[in-house]
Structures are given as C-alpha cells and as structure tokens.
Amino acid sequence: MKPDHPLKRLEHDGHAAGFYGFSQHCMWALVRSIWREKLQISGVGNIPASGSALVAINQTTHLDPLFVAVAVRRPIHFIGLDDGGDAEPWYTPLLYRSIGVIDMPESLVRSGGHRFAFGLESAVRYGELIGIFPEGRIERKRNRTAIAPFRKGVATIARQYHLPVVPVLMRGTENVIPGSTARLHEKIYVRPISISIGRPLPADYVCNEGCVRQALSNLEEQRLGSSKARQQSVGPGSVAAAQN
C-alpha cells in the first residue's frame, strides 16, 4: 500500500489497513448468516466495477453503513460529517480509523474546502468508493423513513472530483433498530431489509443536491411499484392453489 493511501494516512499504529479488510469480510459473513433471505439487494450491477464514485445513501439507523458495505461488494470509505454536536463515545475515533472513515468537519463542506479534507483526495486518486449520507445526522430527522432535504456537500464533491453519484435507497433498517435514537446500544431485531441501488448519475448531471434526492425518490417509487405488482400477481386463485 502506498504511503498516501487514505487508510495508511488514517492509521497511527500500522494495523488499521489490515483491520479494515478483515472487518469488511467479517461484516459480509455476519450479515449474510443472520439476515439470509431477509436481506434483498437490487441493482448491484449499477455499482461501477472499478474507479471512484460517490455513493449517496438515505440513512435511518447507525447500522446502515454495515449493510451498504455488504451490498456494494467493494471497499467503501464513508464520509463522517462532524458538526460539533453531541460528543461521541471514546472509542469512535479509533473505530473510524480502523474502518477507513474519512472524517470531515461539516463547516469544511459548507465553505467549499472539501478538497482539502483528510483522505478524500487519496480515495479518489486510488479509484475507491466514497459513501455519503446527504441528509445529515439521523437525530435531526423527525421521520426516519422520509427522505429529508439534503445538506450541502454531495453535489459539490461530485463536481469537484468529476465523480458519478450512485443513489442507494435503504428500507427496513428502521425496524432493525426501532428505538428513538437509532443508535447501536438499543435492541436490534432481525427484520426484512431492502437495498435498492440506482444507476450512476454523471457528475455533469448532478447540478445540485435536489438531483440526487430526486433519484432516491425515483427508487422509492420503483420499489413501491414492484411491491404492488407482486401483491397483485398473488391473487385468490394462487393462494387457493398454494393451500391445496
């Protein structure tokens, strides 16, 4: 691994990069073994096989990065926006370094200084996926399942680095951690989860955050349409035949 790789720059003791690969393998095995058929992923082919891309995800719980990492099947570095709000647990910085999170002050994004963010340029240079939750902190959302207005950042980063934006819609994780704070210390349930991955949006198309938000809304409409079509296909005759 070259010295200026984001994982190498984020580590202090020389073990972060190895732990990152190991943790992704463990996450994949854990989620697949527990959720099995309850985890439905569509549009995996829309994730670029190589090259850097910005993966924009709606967020309903703090477990969402885990499921996204399993769905995209490529190493992905999530941008952790620090808005100077509530103090995080003592282990958070160590965990973030271990899994390759790109820590970025929210004020840096708003001011357009994202190009100087620690690790972001290196991730782009090495052609890696970058995950971002454009809605901001979950605690600010009154309705976790609704797609809230996006905070500034995703369109700016996409244009700055000429990155395609891959929209990803999460549904069902709000039932995995149904508590009010959506944090990991609350009880976790194994409930059905669907992850819909949309087609990449060219950087030139992403004129503002609204374009990406609309892409997520389109994925929601497609998901609801597919669900309704499946329900209609299972008519009374089908149910009777199944019972016989």
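Residues numbered from 1 in each chain as written. Predicted model: local features only at pLDDT ≥ 70, side-chain atom pairs only at ≥ 80, totals over all residues. Heavy atoms only, no water.

## A closer look at the overall build of the chain
Now for step 1: Scanning the chain from terminus to terminus reveals 10 helices and seven strands.
Now for step 2: When the 244 residues of the chain are sorted by exposure, 47% land in the buried category.
Now for step 3: The long-range share in the chain, meaning contacts at least 24 apart out of those at least 6 apart in sequence, stands at 76%. (Helix = DSSP H or I, 4+ residues; strand = E, 2+ residues; numbered from the N terminus. Buried < 20%, exposed > 50% of the residue type's maximum accessible area, 1.4 Å probe, protein only. Contact = heavy atoms within 4.5 Å.)

## Concerning the nonpolar core
Where a protein is soluble and globular, its nonpolar side chains tend to be buried together.
Now for step 1: Leu39, Ile57, Phe67, Ile76, Val168 and Ile195 are the most contacted members of the largest nonpolar core, which has 27 residues in total.
Now for step 2: Listing elements by their share of this core, those giving two or more residues are α2 (16-35), β2 (53-57), α3 (64-72), β3 (76-82), β6 (165-171) and β7 (193-197).
Now for step 3: With seven residues, α3 is the largest single contributor of residues to this core.
Now for step 4: Excluding its chain neighbours within four sequence positions, the residues that come into contact with Phe67 are Val31, Trp35, Leu39, Met170, Thr173, Ile193 and Ile195.
Now for step 5: In this structure, Leu54, Ile132, Leu163 and Ala215 belong to the second largest nonpolar core, which totals 25 residues. (Core = buried A, V, L, I, M, F, W, Y, C linked by side-chain atoms within 4.5 Å.)

## Quick notes on the pairing of strand β5 (residues 129-132)
Now for step 1: By the alternation rule, side chains of β5 split into Leu129 and Gly131 and Ile130 and Ile132, which are all buried.
Now for step 2: Taken together, the four bridges between β2 and β5 define a ladder with parallel strand orientation. Of the residues in β5, the one forming a bridge with Ala56 is Ile132. (Pairing = 2+ DSSP bridges.)

## Brief notes about the confidence of the model for the chain
Low pLDDT means the predicted coordinates in that region are not meant to be read closely.
Now for step 1: Averaged over every residue, the pLDDT of the chain is 75; residues scoring 70 or more account for 64%.
Now for step 2: Every residue in residues 1-16 scores below 50 in pLDDT, and together they form 34 contacts with partners more than four places removed in sequence or on other chains.
Now for step 3: pLDDT under 50 marks residues 238-244. Its contacts with residues more than four places away, or in other chains, come to two contacts. (pLDDT = per-residue confidence, 0-100.)

## Let's talk about unusual backbone geometry
Now for step 1: Positive phi values are uncommon outside glycine, yet Arg73 reaches one of about 60°.
Now for step 2: Tracing the chain through its elements places Arg73 in the loop between α3 and β3.

## Thoughts on the packing of aromatic side chains
Now for step 1: Evaluation of the coordinates by the stated rule reveals two aromatic pairs.
Now for step 2: Measuring from centroid to centroid gives 5.0 Å for Trp35 and Phe67, while their planes differ by 85°, and the two rings are edge-to-face. Taken together, the positions of Trp35 in helix α2 and Phe67 in helix α3 put the pair 32 residues apart, joining distant regions of the chain. As far as the burial class goes, Trp35 and Phe67 line up, both buried.
Now for step 3: Taking 5.8 Å as the distance between ring centres and 15° as the angle between the ring planes, the aromatic pair formed by Phe78 and Phe133 counts as stacked. Taken together, the residues span a long stretch of sequence, with Phe78 in strand β3 and Phe133 in the loop between β5 and α7 (154-161) at a distance of 55 residues. Across the pair, exposure class does not vary: Phe78 and Phe133 are buried alike. (Phe/Tyr/Trp six-rings, centres within 6.5 Å; stacked < 30°, edge-to-face > 60°.)

## So, the environment of Ser52
Now for step 1: Along the chain, the position of Ser52 falls in the loop between β1 (39-42) and β2.
Now for step 2: Under the relative-accessibility criterion, Ser52 is labelled buried at 14%.
Now for step 3: Sequence separation between Ser52 and Tyr161 is 109 residues; the distance between their C-alpha atoms is 9.4 Å.
Now for step 4: In this structure Ser52 touches Ala123, Val124, Gly127, Glu128, Ile130, Leu163 and Pro164, once residues within four positions along its chain are discounted.
Now for step 5: Polar contacts involving the side chain of Ser52 include one to the main-chain carbonyl oxygen of Glu128, which spans 2.7 Å. (Polar contact = N/O pair within 3.5 Å; in protein donor to acceptor, adjacent residues only side chain to side chain.)

## Considerations on the pattern of salt bridges
Now for step 1: All told, the structure shown has two salt bridges when counted by the stated rule.
Now for step 2: Sharing partners across several salt bridges, the network here consists of Arg171, Glu220 and Arg223. (Salt bridge = Lys/Arg side-chain N within 4 Å of Asp/Glu carboxyl O.)

## Describing a nonpolar patch on the surface
Now for step 1: On the surface, Leu30, Ile34 and Val190 cluster together to form a nonpolar patch covering roughly 230 Å² of accessible area.
Now for step 2: Structurally, Leu30 is set in helix α2.
Now for step 3: Relative accessible area serves as the criterion here: at 45%, Leu30 is assigned to the partly exposed category. (Patch = residues over 30% accessible without salt bridge, like charges linked within 9 Å, V, L, I, M, F, W, Y side chains within 5 Å. Areas by Shrake-Rupley, 256 points an atom, 1.4 Å probe, with all protein chains shown as cover.)

## Quick word on α3
Each α-helix turn comprises 3.6 residues. Residues three or four places apart therefore point the same way.
Now for step 1: Where burial is concerned, most of α3 is hidden: eight out of the nine residues are buried.
Now for step 2: Those residues of α3 that fall on the buried side of the exposure criterion are Asp64, Leu66, Phe67, Val68, Ala69, Val70, Ala71 and Val72.

## Examining the side chain of Glu174
Now for step 1: With respect to the secondary-structure elements, Glu174 resides in helix α8 (residues 173-176).
Now for step 2: Buried and unpaired, Glu174 has no salt bridge, with Arg171 as the nearest side chain of opposite charge at 5.1 Å. (Lys, Arg positive; Asp, Glu negative; His and termini not counted.)

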